[in-house]
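# Fold and contact review
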Amino acid sequence: MKKVLWMLASILICGTNGAQAQSYENHKHEVGIAIGGGANTQIIGGLADIMEVVVDEMVSRSVTGGQVGTHYSYSDKSEFPALSVEYYYRLSKVVGIGGFFAYNDLKRDMFLDITDSQGKRTKSEKEGVAKRSNFSIIPAVKIDYLRTRNFGMYAKFGLGLSMMYEKQKDDKVGKVYSHTDYNVNFQASLLGLEAGLPNLRAFLELGMGEQGIGVLGLRYKF
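Residues numbered from 1 in each chain as written. Predicted model: local features only at pLDDT ≥ 70, side-chain atom pairs only at ≥ 80, totals over all residues. Heavy atoms only, no water.

Right, let's talk about the pattern of salt bridges for a bit. According to the stated counting rule, one finds 15 salt bridges in the structure shown. The closest approach of N and O atoms between Glu86 and Lys156, which form a salt bridge, is 3.0 Å. Placement of the pair is Glu86 in strand E2 (residues 69-90) and Lys156 in strand E5 (residues 151-170), with a sequence separation of 70 residues. For the salt bridge of Glu205 with Lys156, the shortest nitrogen-to-oxygen distance reads 3.0 Å. Here Glu205 is found in strand E7 (residues 200-209), whereas its partner Lys156 is found in strand E5, with 49 residues between them in sequence. The exposure class of Glu205 is buried, given its relative accessible area of 0%. Using a relative accessible area of 0% as the deciding quantity, one classes Lys156 as buried. One connected set of salt bridges, linked through shared partners, spans Glu30, Glu86, Arg90, Lys142, Asp144, Lys156, Glu194, Arg201, Glu205, Arg219 and Lys221. (Salt bridge = Lys/Arg side-chain N within 4 Å of Asp/Glu carboxyl O. Helix = DSSP H or I, 4+ residues; strand = E, 2+ residues; numbered from the N terminus. Buried < 20%, exposed > 50% of the residue type's maximum accessible area, 1.4 Å probe, protein only.)

The structure is reproduced here in structure tokens:
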């Protein structure tokens, strides 16, 4: 009886391993979700920060009656990290093509600084919120240079487009500024590591680009 059970267990284990190996070799699709830090639109000077807006005459009159000068200042920065979802279709065991969609944002409190006729600040009050949202679509290629059933190493390169939308809203007078800009953007993950089950892996990437300098995520293969 023990021999029979052992034989059945061995057959089951071998069959499972064979199925996993076959399933792994036949994976054509990869989907993933990742979070990263240091995305291009968060760190590159021309893309990263809030536009400093001059207070218009209407806002100045509503606060001071136009008797003194006013301007906005910004502080208390908060950032939403680079969040991305990705898909790749495997052309071969080495090369996959696809890309990712990424999002991050930046918020700053807006303060209305009131100055007297000599230019000396007399009062500063929080008046609203400025927000910059960054959306990116980056086609990419993924190159696996080490591929095993439970571990892999790869590189990833992509080039695409980012849309940056900024809106600043004063609580008293409403929206005072909005602007949309488009820029070419990229991702270059020079070192990618993934580990786990044949079809479900955690991954770490190091490089630079719109997903971030350091990226952590989860990938499903089918």
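From this point, the discussion proceeds with the structure in view.
Within the secondary structure, Arg90 is located in strand E2. Arg90 sits in the buried class, given a relative accessible area of 2%. A polar side-chain atom of Arg90 sits 3.1 Å from the main-chain carbonyl oxygen of Lys93. In terms of polar contacts, Arg90 uses its side chain to reach the side chain of Asp144, at 2.9 Å. Excluding its chain neighbours within four sequence positions, the residues that come into contact with Arg90 are His27, Lys28, Glu30, Val95, Gly96, Lys142, Asp144 and Arg147. (Polar contact = N/O pair within 3.5 Å; in protein donor to acceptor, adjacent residues only side chain to side chain. Contact = heavy atoms within 4.5 Å.)

What follows concerns the nonpolar core. Within the largest apolar cluster, nine residues are counted, these being Ile50, Val53, Tyr72, Tyr74, Leu106, Met110, Leu112, Ala130 and Tyr177. Mapped by element, the contributors of at least two residues to this core are E2 and strand E3 (95-115). When residues in this core are grouped by element, the largest group, three residues, is from E3. The contact partners of Ile50, leaving out residues within four places of it in the chain, are Tyr74, Leu106, Arg108, Ala130, Lys131, Arg132, Glu166 and Gln168. Judged by nonpolar contacts, the second largest core, of five residues, contains Tyr88, Phe100, Ile138 and Ala140. (Core = buried A, V, L, I, M, F, W, Y, C linked by side-chain atoms within 4.5 Å.)

Time to look at the packing of aromatic side chains. Using the criterion set out here, one finds three aromatic pairs in the structure. Taken together, a centroid distance of 5.1 Å and an interplanar angle of 50° make the contact between Tyr103 and Phe135 tilted. Note that Tyr103 is positioned in strand E3 and Phe135 in strand E4 (residues 121-147), a separation of 32 residues in sequence. Residue Phe135 is classed as partly exposed on the basis of its relative accessible area of 29%. These aromatic residues form a ring-pair network of at least three members: Phe80, Tyr103 and Phe135. The ring of Phe203 carries the charged tip of Arg219 above its face, separated from the ring centre by 4.0 Å. (Phe/Tyr/Trp six-rings, centres within 6.5 Å; stacked < 30°, edge-to-face > 60°. Lys NZ or Arg CZ within 6 Å of the ring centre and 35° of its normal.)

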